[in-house]
Amino acid sequence: MTSGTPPVDHPTAAAAAGIDLAGRTALVTGAGSGIGRACATALAAAGAHVHVVDVDAAAARSVAESIGGRAHAVDLAQAGPVGELPTDIDILVNNAGLQHIAPLDEFPPDRFEHMQRVMVQAPFLLLRQTLPYMYARGWGRVVNISSVHGHRASAFKAGYVTAKHALEGLSKVAALEGAPHGVTSNCVNPGYVRTPLVERQIAAQAAAHGIDADQVVADVMLSRSAVKRLIEPEEVAAAVLWLCGPHTGYVTGASIPLDGGWTAA
């Protein structure tokens, strides 16, 4: 855990929201840690059966065992294995992501392509194969974990910013096509979340600039945020759960900012 402002203590999202998802089936990608794990946990606590998808087999298995779900070890960059995932899904949470930081003129093309496969192609393929089931049932919830970088750019993050902007567009198309069938599609757009991915970025930035982790968080990551702390995975999961609840059937094609005021300025 990074030093500095301590994490906020939150009750489980399901307990706080009072949302009942009994009888629903969810699939969460990148669910072995961070935001994905928090989403899988919140959805399961609300009564959903959760398919836990992660490239890390041990992590997926651990989360699935803890919530009574089913683990799937899948490399989302490969279309074949994605096509073998369950299609009888009521709730799809496209969360899996990765980061690479480099100037555009030095950004490795193979890394850029890999990021688009995981964060754009995989969500497209999962939508393509799960929407027919949702349409047939007359109900479905698609939640795409985007980012403040789905609306704003940062230097040296061409792969991530491109993927998140593309995910925003894909989500809106799904919203328009899904509306006649009772299916909503929305993005959740957090700022910097206290996840393993961000912890690695903090460590890398600290080493690169010769400063401590607290300075990286305060002076680099949170410089554009009005709320001067990292957001917790459970806070993101609470927004995801709310979008799957009984009072959000009219919320679709939206992007919900959880950015501490970053995009307000």
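Summary of the structure given here. Quick caveat, the model's predicted, so the values are computed rather than measured.

### Quick notes on the sheet that holds strand β2 (residues 49-54)
Inference 1: Taken in spatial order, the 7 strands make up an open sheet running β3-β2-β1-β4-β5-β6-β7, and their pairing is parallel. Edge strands, defined here as strands with exactly one partner in the open sheet, are β3 (70-73) and β7 (255-258). Ignoring strand direction, the axes of neighbouring strands in this sheet form an average angle of 15°.
Inference 2: Bridge count between strand β4 (residues 91-94) and strand β5 (residues 140-145): 4 bridges; the pairing is parallel. Counted as the bridge partner of Ile91 is Arg141 from β5.
Inference 3: Against the sheet, helix α5 (residues 109-137) touches β1 (25-29), β4, β5 and β6 (183-190), its axis set at about 170° to β4.
Inference 4: In the packing of helix α9 (residues 233-243) onto the sheet, contacts are made with β4, β5, β6 and β7, and the angle to β6 comes to roughly 165°.

### Considering the side chain of Asp90
Inference 1: The residue Asp90 is located in the loop between α4 (79-82) and β4 in this model.
Inference 2: Excluding residues that lie within four positions of it along the chain, Asp90 makes contacts with Gly23, Arg24, Thr25, Tyr133, Met134, Arg137, Trp139, Gly140 and Arg141.

Definitions and cut-offs
Residues numbered from 1 in each chain as written. Predicted model: local features only at pLDDT ≥ 70, side-chain atom pairs only at ≥ 80, totals over all residues. Heavy atoms only, no water. Pairing = 2+ DSSP bridges. Helix = DSSP H or I, 4+ residues; strand = E, 2+ residues; numbered from the N terminus. Axes fitted to C-alpha atoms, helices over the stretch in contact; angles between N-to-C directions. Contact = heavy atoms within 4.5 Å.

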